Amino acid sequence: MDDEPADLDFWSFVDLAGGRLADEFGFPHRLATRLLLTLNRASAIVTYDLESTVHRPRGHSWAGFRLLFVTWLAGPLEPGRAAALAGMSRAAVSNLAKTLVADGLMVRTPGERDGRSVILSLTEDGRRRMLEIFAGQHERERQWAGVLTETEQRMLIMLLEKLIEGRHAFDVRERS
């Protein structure tokens, strides 16, 4: 082998993986593997950066921000709907909501549907904090997006939307 494991970086690992998967194991779709490895790595890097530079310093996790964000913008929501919009499980929303309620950022009120349903909404302090939190998030988003031209940004959005919509062509499992 050309690269010893200690010498590998992400990109040389992707090249190594594509070659070994095709040549040794007979998996011929190198480009598909590279696409998904790259997509997952990009998502992980951006998510970690936002969490570590914007959210953790303000006392929140990425997951907590996502729940606050959808509730802030969509308004009062049932936990199941908040979970779907935030791309989380209902259990995760339930656990996060407890913490956010205890922090005074969110309230749980009885829903109108039945005796067990609840509605999640932000407190006044939660709305005020989200303005401050999102100002930091938005600036970091601008920095990340700024490495691409506006045309490249639109193309990437278009391609990612196409990839996401393409999930209907085969049996995809996802949180609902």
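Preceding this section is the structure that the text describes.
One structure accompanies this document, and this report is about it. (Residues numbered from 1 in each chain as written. Predicted model: local features only at pLDDT ≥ 70, side-chain atom pairs only at ≥ 80, totals over all residues. Heavy atoms only, no water.)

### Considerations on the overall build of the chain
Here comes step 1: Along the chain, the regular secondary structure elements total seven helices and two strands.
Here comes step 2: Scanning the chain from its N terminus toward the C terminus, one meets helices and strands in the order α-α-α-α-α-β-β-α-α.
Here comes step 3: On C-alpha atoms alone, the chain measures out to a radius of gyration of 20 Å, which is more than a quarter above the 16 Å that the 2.2 N^0.38 rule sets for 176 residues.
Here comes step 4: On the principal axes, the C-alpha backbone points of the chain span a range of 60 × 35 × 35 Å. (Helix = DSSP H or I, 4+ residues; strand = E, 2+ residues; numbered from the N terminus. Rg over C-alpha atoms; globule rule 2.2 N^0.38 Å.)

### Topic: the nonpolar core
Here comes step 1: With 22 residues, the main nonpolar core has Leu67, Leu68, Val93 and Met106 as its most contacted residues.
Here comes step 2: Elements that contribute at least two residues to this core include exactly helix H3 (62–74), helix H4 (79–86), helix H5 (90–102), strand E2 (118–122) and helix H6 (124–145).
Here comes step 3: Of the residues forming this core, the biggest block, five residues, is contributed by H3.
Here comes step 4: Those residues in contact with Met106, other than ones at most four positions away along the chain, are Leu67, Leu68, Thr71, Ala97, Leu100, Val101, Leu120, Ser121, Leu122 and Thr123. (Core = buried A, V, L, I, M, F, W, Y, C linked by side-chain atoms within 4.5 Å. Buried < 20%, exposed > 50% of the residue type's maximum accessible area, 1.4 Å probe, protein only. Contact = heavy atoms within 4.5 Å.)

### Concerning the layout of surface pockets
Here comes step 1: Its volume calculated, the largest pocket comes out at about 1600 Å³.
Here comes step 2: Lining of the largest pocket is provided by 31 residues; of these, Leu39, Ala42, Ser43, Leu156 and Leu160 occupy positions nearest its centre.
Here comes step 3: Looking at the lining of the largest pocket, the elements that each hand over two or more residues are helix H2 (30–55), H6 and helix H7 (150–165).
Here comes step 4: For the lining of the largest pocket, the element with the highest residue contribution is H2, accounting for eleven residues.
Here comes step 5: Across the lining of the largest pocket, the residue classes tally to 20 nonpolar, seven polar and four charged. (1 Å grid on protein atoms, 1.4 Å probe; cavity = no way out; pocket = protein on both sides within 12 Å on 5 of 7 lines; lining within 4 Å. Points joined across faces, edges and corners; volume = space filled by probe spheres on them. Nonpolar A, V, L, I, M, F, W, Y, C, P; charged D, E, K, R; others polar.)

### Overview of the side chain of Gln137
Here comes step 1: Assignment of secondary structure puts Gln137 in helix H6.
Here comes step 2: At a separation of 2.6 Å, a polar atom in the side chain of Gln137 contacts the side chain of His55.
Here comes step 3: Those residues in contact with Gln137 that lie beyond four places of it in its chain are Leu50, Val54, His55, Trp62 and Phe65. (Polar contact = N/O pair within 3.5 Å; in protein donor to acceptor, adjacent residues only side chain to side chain.)

### Details of the packing of aromatic side chains
For any pair of aromatic rings, the description consists of the separation of the ring centres together with the inter-plane angle of the planes.
Here comes step 1: For the coordinates displayed, the defined rule picks out six aromatic pairs.
Here comes step 2: An angle of 70° between the planes, with centres 4.8 Å apart, marks the rings of Phe10 and Trp11 as edge-to-face.
Here comes step 3: Given a relative accessible area of 16%, Phe10 falls into the buried group.
Here comes step 4: Each residue in the set Trp62, Phe65, Phe69, Trp72 and Phe134 is aromatic and connected to the rest through ring pairs, giving one cluster. (Phe/Tyr/Trp six-rings, centres within 6.5 Å; stacked < 30°, edge-to-face > 60°.)

### Digging into the pattern of salt bridges
Here comes step 1: Summed over the entire model, instances satisfying the criterion amount to twelve salt bridges.
Here comes step 2: With its nearest N and O atoms 3.1 Å apart, the salt bridge here joins Arg30 to Asp23.
Here comes step 3: One salt bridge connects Asp49 with Arg140, and the closest N-O pair in it is separated by 2.7 Å. Pair noted here: Asp49 is in helix H2 and Arg140 is in helix H6, with a separation of 91 residues, a long-range link. (Salt bridge = Lys/Arg side-chain N within 4 Å of Asp/Glu carboxyl O.)

### Some remarks on the pairing of E2
Here comes step 1: Across the five residues of E2, four count as buried, placing the element largely inside the fold.
Here comes step 2: Where strand E1 (residues 106–110) meets E2, five bridges bridge the pair, whose relative direction is antiparallel. Bridged to Met106 within E2 is Leu122. (Pairing = 2+ DSSP bridges.)

### Considerations on the packing of H3 against H6
Here comes step 1: For the pair H3 and H6, the least separation of the axes is 11 Å and the interaxial angle reads 115°. Considering how the two elements wind past one another, H3 and H6 form a crossing that is left-handed. For the pair formed by H3 and H6, the contact residues are Trp62, Phe65, Leu68, Phe69 and Trp72 on the first element and Arg127, Met130, Leu131, Ile133, Phe134 and Gln137 on the second.
Here comes step 2: For the contact of H3 with H6, the per-class residue count stands at nine nonpolar, one polar and one charged. (Axes fitted to C-alpha atoms, helices over the stretch in contact; angles between N-to-C directions. Left-handed = near helix turned anticlockwise from the far one by under 90°.)

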